[in-house]
Structures are given as C-alpha cells and as structure tokens.
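Report on the structure
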Amino acid sequence: MSNWTRKDLLSIQELTADEITGILDTAAAFKQVGAREIKKVPALRGKTLVNFFVEPSTRTRTSFELAAFRLSADVVNISASTSSLTKGETLKDTAKNLEALHADIIVLRHSSAGAPKFLAERLESSVINAGDGAHEHPTQALLDTFTIREKLGHIKGIHVAIIGDILFSRVARSNIWALLKLGARVTLVGPSTLVPREFERMGCAVTHDIDSVLPDVDVVNLLRIQHERQRKEYFPGTGEYTSLFGLTKARAEKLKPGALIMHPGPINRGVEIDSEIADSARSVILDQVTNGLAVRMAVLYLCAGGEKIAS
Amino acid sequence: MPTTPYPPSPKAALVLDAQAIDRALRRIAHEIIERNPEINKVAIVGIPSRGVEIAKRLIENIGQIENVKLELGVIDVSMHRDDIRLRKSLSPVEVSHLPLDLEGRTIILVDDVAYTGRTCRAAMDAISSFGRPARIQYAALIDRGHRELPIRADYVGKNLPTARPERVFVRFEKTDGVPDSVWVERI
C-alpha cells in the first residue's frame, strides 16, 4: 500500500524520507506515461483543478496544467490580475468561492509564506504549494531529487552544492530539506549577505568560496539571482557576482567527470552560468523540466486519491 | 524480500500448494500454445505484483514446450482505475513496460485472481494507450466469480466459487517470501 495519507502537499520539511521516496517512485511510473502513444490516463477524470497563481509564473503553472491534463482532470487558471484579490476580496473568501465551485485541488503560488497552509486548514479541497514567499517550493525539490536519483542512481551520500541567492530562495529551502532527509550532503555557496551562517543549523555546510567546493561535488544546483526580490545592499552587482560565483567554463572544468549541472530556470545566461555550460552534456536543466511534469502528476494523483487524513 | 504471515490468516484453508500451482500453470501454458498457432507473436503481460510472477512462469513453461522466448510486459492499472475515491488507500503505482510494437501482436493479460473484472478493464484501457494489439486474452490463476463487467477469463488455473465477503490469498516465494500457495478464508 502507498504510504501517502495527506490531503495536501505544503512543504518538504513536514514529510518523512519514506514519503518523499514514495512520491519519487510514483513519479517514475508517471514518467513512463509520457512515452506512450496516448499520453493521458483517466486517473483524475471528473476532478477539477484550480491553478491559483497570485505571483507570476509560467513554467510551474504550465507544468501543473499539463500534469492535470495528462491525468484527465479539468483545469481552471486564475492569476492575481484576473482574480478579485485586486478588488479587495481576501484570500480566504476567494478560496471559499473556489471550493463552492467544487474545486477538488487548488494549486497555490503566493508571495506570502504560509498562505497554502492557511488555505489547507480551512478548505476540504487538496492544496498543493507551488511556491510560497521565501518559504518552500516542494515540487521543485521533488523534481530536483528525482533528476539526481535518475541520473546518479541514488541520493544517499551524494554531495550537492547549492549556489546563489539562498536567503530569498524557497527552492533552496525545499531542496535542503529533501536532500538532507534522503541522506545527501549539502554545501551552500554564495555571498555572505545571501548565504548566512544560520543555515549551518539546518545541517548544511556554508562557504563563500566556490572554487574550493567544485572539485568535491556530484551535483551543482545553480539558483537564479532573483532581481525582483533583491535589495541593493544584499547583492554585489551582476558583473561581480559572475566573477565570484558564476559557473564559468573555467570553473566547470574543475568539476568531477559525471557531475551534474542543474538549474530551476529561468536561466540568466552569462550571470550565474555561462551560456556554453548551460547547453553542455552535463547540464540536466531540460531533464528537470520533463521530470517536473512526472513529479507533479504523482503529487496530484497521491493527494486526490485514497482516504485522506486532514493535515 | 517482504515476508507475510503464513498461513495468511488463522482461518484460511489451503486451496492449492506449490505443486498444484505448477501443474495449473503448465496446463495453461499448453492451452495458450494450442489457442495461438503463431506463438511467437504472443507477449505475456502481468498485472503487478503477483500477475508479473505468474507471467514469468508462463513464459518459462511455454519456452520449455515450444523452444521460444516470449516477451514479458508489465502493465500498471492503478492510474486507470475508476474507483480512486472509493478505495481506502492507493496501491503503489508501478512502471509499465510493453513490447515496443503492439500492432499485430496477441497480448495475454495475467492476473492472480479474477474477481469483479475491473482490474482487467483498467488493464485493457492502459494497453490501448500504448497501441493497438491484434487481440487481448485474459489468464488468471484463480477465478472466484462475482464479475461486475462483461469480462471472462480465457485461461483459468482453478475455479474457486466464493461468497463475496470471503477472502482469497495468493502467495509466492518470489513476491511474498513464503511457499507458493493459494488460500481461502471461508465465512
């Protein structure tokens, strides 16, 4: 029997290693669906999914949308500009309205940490966190660990460097939780303003010297510099950032043979990664996109099926 | 290897032992050969988990009789079921793989117990998303009756009349870590 009993997926922090592994195993089965002549299964036929994106996103929303289509669910997209949030309706009222329309699953992207949990506690619908503030982005971490497991065979004992803006990154937080729970080693790399020593308390190593780390890692996960979240005092400036922390061609040569290069996208070519490196054989950036679809199908399937214990 | 209680429940009675299962599967292998003159166009497709074990044994038996190595397939039915919300917990979703080219082939679907027919229906639905085989046949080690759909097994190891609340257990050394056996818990 599947070990999944949750109604919602709100964070990686609250999951056990077994639950994470269960999602990854389920995702492997769903990935195979993409290789079929008919890439659609009837598992969620008759269910309605609402993509509720209060913060802009194209790839995550599209990925969830396609995942829902492949599971035969019906999909409605609502973005901040088209919702009544701009007319002063509260998040809870908007969500109550969605529920009154019998939405079975709400995929929420929100600028405030904790917004998905707030909804999950008040609604019977399943709530999937598609990124909440700087808190978590669980499906991104699941697709990253899925990709590592697929390419390297396992997670335990793997050394992963997460490079860039850790402080403001929900992708980093979710990845750190997932990797540590599955037994990987995590080293965080970036300017001291964006990678504070506090992260050592989570169980990661922290360094501000990228060149000393590269020869020792199996995976580098580069994060996008989030210009929209930066304040000037945190960030050294694009040119300086690239020279200190960018994965240039010269730096990529220091990596072990077989080391993976990952990026959650969208890439800032020439800033955190050289264009040539992003397109090199070691880069698994497009595999991440493909795997994201399989992981999201698995998450929707698990949260919408079976008897649920309210979270 | 997972181990389960043996016997599966204190009240369960033995229906088939390892030898009887072997005999039934050898007979089914002969029937498959008899019904399919072009035996090399047949692929045996198991429904996880015990259907896959039975499928492997049928391939072995057919190989011994006809000196052919038939292709093995695995078809996951969990994402094709119609009762997602009715079930207490989800069974694990397994990776499916089928022969690349289904066109013109005969698929023999293999399950441990034929019961309502809903698993078989879901499996046929799943297969059709891979392509269009020439025909699909259905083999089950045990047929316990109570069909809810117009589905009939082409090959049956043993017909076992049951009442609905009764339970049937199939166990294999390979999948369960206990001796090959079939049990029924009568009410």
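Everything that follows concerns the structure shown earlier in this document.
Residues numbered from 1 in each chain as written. Chains lettered and ligands numbered in written order. Predicted model: local features only at pLDDT ≥ 70, side-chain atom pairs only at ≥ 80, totals over all residues.

Let us now look at the overall build of chain B. Along its length, chain B carries four helices and eight strands. In summary, chain B has a C-alpha radius of gyration of 16 Å against a globular reference of 16 Å for 187 residues, a match within 12%. For chain B, buried positions account for 40% of its 187 residues. Across chain B, the fraction of contacts at a sequence separation of at least 24, relative to all contacts at a separation of at least 6, is 70%. (Helix = DSSP H or I, 4+ residues; strand = E, 2+ residues; numbered from the N terminus. Rg over C-alpha atoms; globule rule 2.2 N^0.38 Å. Buried ≥ 20, exposed ≤ 12 C-beta atoms within 10 Å, placed from the backbone. Contact = placed C-beta atoms within 7 Å.)

Another aspect to go through is helix α2 (residues 50–66) of chain B. Its 17 residues place the ends of α2 of chain B 24 Å apart at the C-alpha level, agreeing with the 24 Å of an ideal helix rising 1.5 Å per residue. Looking one or two residues beyond α2 of chain B, the residue adopting positive phi is N67 of chain B, at roughly 55°. (Expected span 1.5 Å × (residues − 1).)

This paragraph deals with the packing of helix α1 (residues 17–33) of chain A against helix α5 (residues 138–152) of chain A. Residue and element names in this part refer to chain A. Between α1 and α5, the least distance of the axes is 10 Å, while the angle of their chain directions is 70°. Relative to α5, the element α1 is oriented roughly perpendicular. When α1 is examined against α5, the residues I23, L24 and A27 are found in contact with a partner set consisting of L142, T145, F146 and R149. Here the contact of α1 with α5 is composed, by residue class, of five nonpolar, one polar and one charged. (Axes fitted to C-alpha atoms, helices over the stretch in contact; angles between N-to-C directions. Parallel < 35°, antiparallel > 145°, perpendicular 65-115°, else oblique. Nonpolar A, V, L, I, M, F, W, Y, C, P; charged D, E, K, R; others polar.)

Here we take up the nonpolar core. Counting 99 residues, the largest nonpolar core has L71, I106, A298, L300 and Y301 of chain A as its most contacted members. In terms of residue count, the dominant contributor to this core is helix α11 (residues 285–304) of chain A (11 residues). Each of two domains, domain 1 (17–136 + 292–304) and domain 2 (138–289) of chain A, supplies a minimum of three residues to this core. Among the nonpolar cores identified, the runner-up in size contains 43 residues, and I32, V52, I59 and A126 of chain B belong to it. (Core = buried A, V, L, I, M, F, W, Y, C linked by C-beta atoms within 7 Å. Domains from an automatic or database assignment.)

Residue and element names in this part refer to chain A. Here strand β1 (residues 48–53) pairs with strand β2 (residues 74–79) via six bridges, running parallel. Paired with V50 across the two strands is V76, which belongs to β2. Crossover connection from β1 via helix α2 (residues 59–70) to parallel β2: handedness right-handed. (Pairing = 2+ DSSP bridges. Right-handed = clockwise from strand over helix to strand, strands pointing away.)

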